[in-house]
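Inside the fold
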Amino acid sequence: MKKLRSTILLILTPFLIGCSNNTTAHLDLHAGTYIRNLFVDDIDDFKICVFNDLHISVLTNLSEEIAYYEKCLDSFGGRDQVKLIVFNGDVFQGAQKSQVNRFFNWINSLDIPFAYVYGNHDLQGAYHSNYIDQKLKSLNNSLLINPLNDNVFGNSNYVVNINEGDENSSTLKWQLYFFDSNTFSGVSYDIVHEDQIAWYEKQQANLINPVPSLTFMHIPTEEFREAYDIIGNNVNSGYDLSGTGSSWYMGESISHGYQANDLYETMQDFGNNKAIIVAHDHVNVTDWHYDKDGGSDDNVIHLIFGMKTGRGIYHDKRIMGASFYTLNDSDDFDINWINVPYNADPYEITPTDLVALGKGAIS
Amino acid sequence: MKKLYSSVVARNITLLVLFFVASLFVAYGWFLFVPIVTHYGRMLLTYFPTLFAFGVPIFSFFMLWMYWHSVNVANRYRIVKIYAITLVVLMGICIPFHVLAIGLSFGWNGIYGTITPLFPYDLLTLMIIFLAIGIYLLMWVFRNEELKKVPITVKNQLRRRAFVAMAFVSAFTAHFLGLFFQAFFIIDSFDPNWYGMIPAILLNLVPFMSLLMFVYYRHQKDEKAKRKIFGLSLISLLSATFALLLWELIAVLINPYLFTQSLSNFYLLGYAIKIPLGYFLIIIMLFVEYLVIIIRYCKLRRMVKHEK
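Reference entry: report on the structure contained in this document.

Procedures and definitions
- Here the residue index of a chain counts from 1 through its sequence in written order.
- Following the order in which they are written, the chains are lettered starting with A and the ligands numbered starting with 1.
- Given that this is a predicted model, residues contribute local features only at a pLDDT of at least 70 and side-chain atom pairs are listed and counted only at 80 or more, while totals for whole chains, interfaces and linings are drawn from all residues.
- Computation of side-chain values: all heavy atoms of the structure, hydrogens and water removed.
- Per the convention used, a helix needs a DSSP run of H or I reaching at least four residues, while a strand needs a run of E reaching at least two, with both numbered from the N terminus.
- Each residue is placed in one exposure class: buried if its accessible area under a 1.4 Å probe, protein chains only, is under 20% of its type's maximum, exposed if it is over 50%, and partly exposed if it falls in between.
- Throughout, a contact is declared for two residues whenever any of their heavy atoms are within 4.5 Å.
- Method for areas: the Shrake-Rupley scheme with a 1.4 Å probe, in which residue coverage is limited to the protein chains shown.
- All tallies of charge rest on Lys and Arg as positive and Asp and Glu as negative; His and the ends of each chain are not included.
- For the purpose of locating charges, the reference atoms are NZ of Lys, CZ of Arg, CG of Asp and CD of Glu.
- Like charges are joined within 9 Å and nonpolar side chains (Val, Leu, Ile, Met, Phe, Trp, Tyr) within 5 Å, but only among residues with over 30% relative accessible area and no salt bridge; these make up the patches.
- Basic side-chain nitrogens of Lys or Arg form a salt bridge, by our definition, when they fall within 4 Å of a carboxyl oxygen of Asp or Glu.
- Here the term charged refers only to Asp, Glu, Lys and Arg, the term nonpolar to Ala, Val, Leu, Ile, Met, Phe, Trp, Tyr, Cys and Pro, and the term polar to all other amino acids, Gly among them.
- Identification of polar contacts relies on pairs of N or O atoms within 3.5 Å, with a donor-acceptor requirement for protein atoms, meaning one able to donate a hydrogen and the other able to accept it, and with residues adjacent in sequence counted only if both atoms are side-chain atoms.
- Note on pairing: two strands pair once DSSP finds at least 2 bridges between them.
- Orientation is described by lines fitted to C-alpha atoms, with helices fitted over the stretch in contact, and by angles between N-to-C directions that extend from 0 to 180 degrees.
- An angle below 35 degrees is treated as roughly parallel, one above 145 as roughly antiparallel, one from 65 to 115 as roughly perpendicular, and anything else as oblique.
- For a crossing to be left-handed, the near helix must be turned anticlockwise from the far one by less than a right angle; the clockwise case is right-handed.
- Pairing of aromatic rings covers Phe, Tyr and the six-membered ring of Trp, with a centre-to-centre limit of 6.5 Å; geometry is then stacked below 30 degrees between planes, edge-to-face above 60, and tilted otherwise.

Notes on the overall build of chain A
The number of helices and strands found in chain A is eight helices and 17 strands. Taken over the C-alpha atoms alone, chain A extends approximately 80 × 50 × 45 Å along its principal axes. Taken over 363 residues, chain A has a buried fraction of 59%. Considering only contacts in chain A between residues 6 or more positions apart, those separated by 24 or more positions represent 74%.

Some words on the overall build of chain B
Across its full length, chain B carries eleven helices and zero strands. Seen through its principal axes, chain B has C-alpha atoms that stretch 70 × 65 × 30 Å. For chain B, the residues scored as buried account for 45% of the 308 residues in total. Long-range contacts, defined as pairs at least 24 residues apart, comprise 77% of the intrachain contacts of chain B with a sequence gap of at least 6. For chain B, the accessible area works out to roughly 16500 Å², and carbon and sulfur atoms hold 74% of it. Charge-centre separation for chain B: the mean point of 27 positive side chains lies 13 Å from the mean point of 10 negative side chains.

Topic: a positive patch on the surface
A surface patch of positive charge is lined by Arg161, Arg296, Lys299 and Arg302 of chain B. Mapping lysine 299 of chain B onto the fold places it in helix 11 (residues 277-307).

A few points about the interface of chain B and chain A
Across the contact, 39 residues belong to chain B and 46 residues belong to chain A. Across the contact surface, chain B and chain A share zero salt bridges. Of the residues belonging to the side of chain B that touches chain A, the class tally is 25 nonpolar, ten polar and four charged.

With respect to the side chain of histidine 280 of chain A
Residue and element names in this part refer to chain A. Structurally, histidine 280 is set in the loop between strand 12 (273-278) and strand 13 (284-290). Accessibility expressed as a relative area gives 5% for histidine 280, which makes it buried. A polar contact is formed between the side chain of histidine 280 and the side chain of histidine 218, at a distance of 3.3 Å. Aside from chain neighbours lying at most four places away, what touches histidine 280 is Asp53, Asn120, Tyr189, His218, Ile219, Pro220, Ser255 and Tyr314.

Some words on the sheet that holds strand 16 (residues 333-339) of chain A
Residue and element names in this part refer to chain A. Strand order in the open sheet formed by six strands is 4-3-2-15-16-17, with mixed pairing between adjacent strands. Of all the strands in the sheet, the pair left with one neighbour each is strand 4 (114-117) and strand 17 (347-349). For this sheet, the mean angle separating the axes of adjacent strands, direction not counted, is 30°. The sheet contact formed by strand 15 (residues 321-327) and strand 16 spans seven bridges and is antiparallel.

Quick look at the pattern of salt bridges
All names here are of chain A. In the structure shown here, the tally under the stated rule is 14 salt bridges over all chains. With its nearest N and O atoms 3.0 Å apart, the salt bridge here joins aspartate 74 to arginine 79. With a relative accessible area of 26%, arginine 79 lands in the partly exposed category. Between glutamate 222 and arginine 225 there is a salt bridge whose closest N-O contact spans 4.0 Å. Placement of the pair is glutamate 222 and arginine 225 together in helix 6 (residues 222-230), with a separation of three residues, close to one helical turn. Assessed through its relative accessible area of 32%, arginine 225 is described here as partly exposed. Three or more residues are tied together by salt bridges with common partners; here these are Glu223, Glu226, Glu265 and Lys292.

Thoughts on the packing of helix 8 (residues 224-254) of chain B against helix 11 of chain B
Residues and elements named next belong to chain B. Put simply, helix 8 and helix 11 touch, their axes get as near as 12 Å, and they point 155° apart. Between helix 8 and helix 11, the angle falls in the class roughly antiparallel. For the crossing formed where helix 8 meets helix 11, the hand is left-handed. Contact residues: Arg227, Phe230, Gly231, Leu234, Leu237, Leu238, Thr241, Leu245 and Glu248 in helix 8; Tyr279, Ile283, Leu286, Tyr290, Ile293, Ile294, Tyr297, Leu300 and Val304 in helix 11. When grouped by side-chain class, the residues that make up the contact of helix 8 with helix 11 number 14 nonpolar, two polar and two charged.

Focus on unusual backbone geometry
As a rule of thumb, non-glycine residues mostly have phi less than zero, and peptide bonds are mostly trans rather than cis. Note the cis peptide between phenylalanine 119 of chain B and proline 120 of chain B, where omega equals 10°. Within the secondary structure, proline 120 of chain B is located in the loop between helix 3 (73-106) and helix 4 (121-143). Positive phi values are uncommon outside glycine, yet aspartate 90 of chain A reaches one of about 55°. With respect to the helices and strands, the residue aspartate 90 of chain A is situated in the loop between strand 3 (82-88) and helix 3 (97-109).

Notes on the pairing of strand 16 of chain A
The buried count for strand 16 of chain A comes to five of seven residues, which makes it a mostly enclosed element. Counting the residues in the hairpin turn of strand 15 of chain A and strand 16 of chain A gives five residues, including aspartate 331 of chain A, whose phi is positive at 60°.

Looking at a negative patch on the surface
Together, Asp41, Asp42, Asp44, Asp45, Asp166 and Glu167 of chain A line one region of the surface with negative charge. The exposure class assigned to glutamate 167 of chain A is exposed, which follows from its relative accessible area of 68%.

Comments concerning the sheet that holds strand 10 (residues 237-239) of chain A
Residue and element names in this part refer to chain A. On the basis of which strands lie adjacent, the open sheet formed by nine strands has the order 1-5-6-9-12-14-13-11-10 and mixed pairing. The open sheet is flanked by strand 1 (35-40) and strand 10, the only strands paired with a single partner. Geometrically, the sheet is characterised by an average inter-axis angle of 20° between neighbouring strands, direction not taken into account. Summarising the sheet, strand 12 and strand 14 (residues 301-305) pair through four bridges and their orientation is parallel. In the sheet register, isoleucine 276 faces strand 14, and the bridge partner there is leucine 303.

Structural notes on the pairing of strand 6 (residues 170-178) of chain A
Residues and elements named next belong to chain A. Summarising the sheet, strand 5 (residues 158-165) and strand 6 pair through eight bridges and their orientation is antiparallel. When the bridges of strand 6 are listed, isoleucine 162 appears paired with tryptophan 174. Count of turn residues in the strand 5/strand 6 antiparallel hairpin: four residues.

Concerning the packing of aromatic side chains
All names here are of chain A. Inspection of every chain in the model, using the stated rule, returns 53 aromatic pairs over all chains. With a centroid separation of 6.3 Å and an interplanar angle of 70°, the aromatic rings of tyrosine 68 and tyrosine 69 are classed as edge-to-face. Neither residue differs from the other here; tyrosine 68 and tyrosine 69 are each classed as buried. Relative to tryptophan 288, the ring of tyrosine 228 lies with its centre 5.8 Å away and its plane at 45°, an arrangement referred to as tilted. Here tyrosine 228, found in helix 6, pairs with tryptophan 288, found in strand 13; they are 60 residues apart in sequence, far enough to count as distant.

Next comes the structure, spelled out in structure tokens:
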């Protein structure tokens, strides 16, 4: 009996220690902990290049793909114009450490700050779950902030402040929010959790003067489907020129999270966020001008599916490349979708082009 | 050499080593297979020779296992012949395809380092080694053609059913054993979910343990004392399995996101369809294995009692 008792205790010990470790209170960190600052001379010059869904795997020929990513980067006025690169999730799926290292070493060597957002596939590779995080934290151009053991769910919830001026004298002009939209919940896609929304509220409350912002995350929210129903009338392409100004091409149905959350409503309440920019659905390109509460025009939030980058898993060659967002001093921003073929010159995709891809019309 | 392999211990050690190597190849081969599936097979033409080459060690294990469990010389001759022809034909197709596919996909010069640091040359060398083994054995087959005429004096110890079952079980077991070893390369001691990762990683070892026990039992069923040991090890393994499953269940109850946060790299193909299929597969496989072992054990006990 004594032997049996000690055996059971021996088996349970690591488990009990593990549980006690896990139930340690998570840290409630100050809002400023999650903020990076970038400084520019003129905010009108600030151009962001967004890469979506690269899906680099163990079988990817990285030499060829890196040449393609550079072509994307140069496709809209040259890389010198790009002030920030955003990887909006699913950079990796089924990769191994050597590919992760090579990719990040390349991007870091460009000497352009870059922001990384986790997608639902990034942790699925031959490396441990903290590997990407550790690698990113070791690179001088990476902007990722991921405090360990904090009370915000996910790995990439942080803010980049775009300031006009220099470190000694500057004015905050724009904010960029990066959310981890997480991976799976049961057999559905996950959503941005309540504590992440509380974190957003805390960040907004911390602002002395409200400034416009863009939000980047991987998995779309349920509002994308609502916008498709309400503005798009479920027609797979269109340009609502005389109405909301929305344009879209839907090559597939929207794979949003398993349930609705309050992120969009919270953003509308604060009124500063101009756009939610997502990836995840590789053959959807949209710019819905959606106002859920139906209030004033300035409460519109752009719901944007950016262009998928590269040929990793499924794609549509007609809408494959990079998206560029140029911030303006007038609290507005411009979108440019650039189609970048592997063996031809890049060209811009206009709303009219999007209409032509599907069955819709310009209205 | 011949004398050495007449010893059961030497044979078992060889099989164990081969199974260990095969398990690493199977697990890594499966890891390569996932991007092929998620890319809708677009890369299959480039990488199918690599996948076949990764399958050769487990095939070799199975053929060697069959060879040593066949007493009849004619049967053994046939096994060597099948193995040699398969290797020669498979590698005869794979080598030119590998060169052609890699050349057309990546270009004709340089080390590409996608799968391994020296890819594609290390894989090409491996394929050439397999081809050389195949040719050597085929030559032996041709030199000893008279062996196939040896009359069957001893009835084959194993039935065809057992061979087929062994082929499936060893392939799956090798995959999970490979995952177990892979864990040592990819786990991070600072992972906050480590308490829930331990049972999942250990569970990958259980199919191998149960396979070992099954093989041991099959050889020792006539001895009463060893039958008792078998009974005890069966109970221990069953208890360990249930303890690991219970441990995992509690860990998942504590953190419902445990699998997606820290274990998704073990169930890559499953996560292409959003669920850790591999985890459920191992549970089903163990359940079936234990059921078969328990039924056989009960049958044997009944037989022994009846004889008394």
